[in-house]
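Observations on chain architecture
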Amino acid sequence: MRKSKILGVGHYVPERVVTNEELSQMMDTSNEWIVERTGIQSRHWFTPGIDTLTSLSKKATEMALERANLTAKDIDFIVFATITPDYFIPGNGVLLQRELGFDNIGALDIRNACSGFIYALSVADQFIKTGMYDRILVVGAEIQSSALDKSDEGRSSSVIFADGAGAVVLGPSSSDQSGILSTHLHSQGEYAEELYCKDPGSSREVRLSPEMLESGSTFLKMNGNAVFKHAVLRFMEVIQEALDHNQLEQSAIDLLIPHQANLRISQYIQQKLGLPNEKVFNNIMHMGNTTAATIPIALSEAREQGKIKEGDLICLAAFGSGFTWASALLHW
Ligand code: UT7
């Protein structure tokens, strides 16, 4: 069976940079606390009226297409990972399809939060492997800042989450030496409410009410400690699962790109895997946690910085709301 590989990768983040200093004027927090507990120094937040999820993902897609030497007309299918679409209905894949002048190709939305991009990559990988499609656009994009509680009560989440978009073009590999080796996907819904946004929801008498807005149930809620504890375990498990599946040692990894949830989580995994600094890519310091967008944004930045070479073994891993977690191993 043929393998699929990444032909081009791009990203785009909104122009507005929000520093820790700026956050400390909105809520009871400090630069010291945020840097020490999360590693984040600044992040990008969208500007209403200027940025939309579709406009961010359009710019990321244009960069990915250009780097793949392809145009929108070459794409057969779109897989769009986001939990923050521009509309409740329809999904965001179709909005991007309209915006970039693709043919009337299929567009699938994936709602797996922080693991969303790896889930999306896995779906696209199956379509390419079976020969169903030849070129698939895989997007991870998020606007989280409009669902954050920027009062003191919401400070532990609102200092982390941010906005941005990343995209890759996936196509068949022309060589046995490059391409996706395997993907591994998991979920455990018993923890759904540890990181979730309750409203608006379809199982209420009205989907959105003044009471919901008043009570704050439309904000993203996270039990940070619980998420952290599960994350460090599941990251290790799912990376090891990928290595075992391909009979590879931890030391074979040339670059690990973990979902950028918290620098302390990345550092814990790095230490457990015994990887040197140059083999782990982090950009949470200036990007924050952009949920489904963190991995494609990081891939794009790592490529720009010359940290990914032909033939390198790249490991992608993520954990987040659901809980869901996932990994992918690929040769660049
Ligand atoms: O991407 C999806 C997956 N998400 C994650 O993996 C995130 C995982 N969780 C985390 O990254 C961390 O749990 C947080 C960064 C969210 C919180 O850090 P923490 O070290 O777990 O802090 P904590 O919640 O245990 O709170 C410690 C203290 C508390 O004060 P007291 O009770 O010790 O007096 C909090 O009220 O820090 C306080 N605190 C803050 N102080 C200043 C919480 N948030 C803030 C803040 N600024 N922003």
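Bear in mind the structure is a predicted one, so any value in this text is a computation, not a measurement.

Calculation rules
Throughout, residues of each chain are indexed from 1 in the direction in which the sequence is written. Residues qualify for local features only when their pLDDT is at least 70, as the model is predicted, and side-chain atom pairs are given and counted only at 80 or more; totals for whole chains, interfaces and linings, by contrast, use all residues. The side-chain numbers reported here are obtained from all heavy atoms of the structure, hydrogens and water having been left aside. Partly exposed describes any residue whose relative accessible area lies between the buried limit of under 20% and the exposed limit of over 50%, with all areas from a 1.4 Å probe on protein chains only and scaled to the type maximum. Only runs of H or I of at least four residues qualify as helices and only runs of E of at least two qualify as strands under DSSP, and these elements are numbered from the N terminus. Strand pairing is defined by DSSP finding a minimum of two bridges between the two strands. Domain limits in this description derive from either an automatic procedure or a database domain assignment. Contacts between residues were defined by any pair of non-hydrogen atoms, one from each residue, lying within 4.5 Å. What makes a salt bridge here is a side-chain nitrogen of Lys or Arg within 4 Å of a carboxyl oxygen of Asp or Glu, nothing more. We call two N or O atoms a polar contact when they sit within 3.5 Å, provided that within protein one can donate a hydrogen and the other can accept it, with sequence-adjacent residues counted only if both atoms are side-chain atoms. Throughout this document, a residue counts as near a molecule or strand when at least one of its heavy atoms sits within 4 Å of that molecule or strand. For the accessible areas, the method is Shrake-Rupley and the probe is 1.4 Å, while residue cover comes only from the protein chains on display.

**Some points on the pairing of strand β11 (residues 255-258)**
Residues Leu 255 and Ile 257 point to one face of β11 and Leu 256 and Pro 258 to the other, with burial holding for every one of them. Strand direction decides the pairing type here: β11 and strand β12 (residues 313-320), joined by four bridges, are parallel. By the bridge assignment for β12, Pro 258 is matched with Ala 317.

**A look at the domain arrangement of the protein chain**
Split by domain assignment, the protein chain resolves into domain 1 (4-172) and domain 2 (179-331). Taken together, the contact pairs 52 residues of domain 1 with 49 residues of domain 2. The tally of links from domain 1 across to domain 2 stands at one salt bridge. The salt bridge partner of Arg 67 is Glu 304, with a shortest N-O separation of 2.6 Å. Linking domain 1 with domain 2 are 19 residue pairs in polar contact (both at pLDDT 80 or more), by the criterion used here. For the side of domain 1 that touches domain 2, the elements supplying multiple residues, two or more each, are β1 (4-12), α2 (31-38), β3 (42-44), α3 (53-67), α5 (116-130), β6 (136-142), α6 (155-158) and β7 (164-172). Of all the elements, α5 adds the most residues to the side of domain 1 that touches domain 2, at seven residues.

**Some thoughts on the site of the ligand**
What surrounds the ligand is a group of 23 residues, the closest being Thr 29, Arg 37, Arg 155, Asn 262 and Asn 289. Contacts to the ligand include Arg 155, whose side-chain N or O atom sits 2.9 Å from an oxygen atom. For the ligand, an oxygen atom lies 2.7 Å from a polar atom in the side chain of Asn 262. In isolation the ligand has 950 Å² of accessible area, and contact with the protein removes 75% of it. Of all the secondary-structure elements, those providing two or more residues to the shell around the ligand are α2, α6, α8 (224-245) and α9 (263-273).

**A closer look at helix α4 (residues 92-99)**
Of the residues making up α4, those classed as buried are Asn 92, Gly 93, Leu 95, Leu 96 and Gln 97. Where α4 is buried, its residues touch α3, β4 (77-81), β5 (106-110) and β6. The positive-phi residue at the C-terminal boundary of α4 is Gly 101, with phi of around 65 degrees.

**Some remarks on the environment of Leu 213**
Mapped onto the elements, Leu 213 comes out in helix α7 (residues 210-215). Residues Leu 213 and Lys 309, spaced 96 residues apart in sequence, show a C-alpha to C-alpha distance of 49 Å. Among all residues touching Leu 213, those that are not within four sequence positions of it are Leu 208 and Thr 218.

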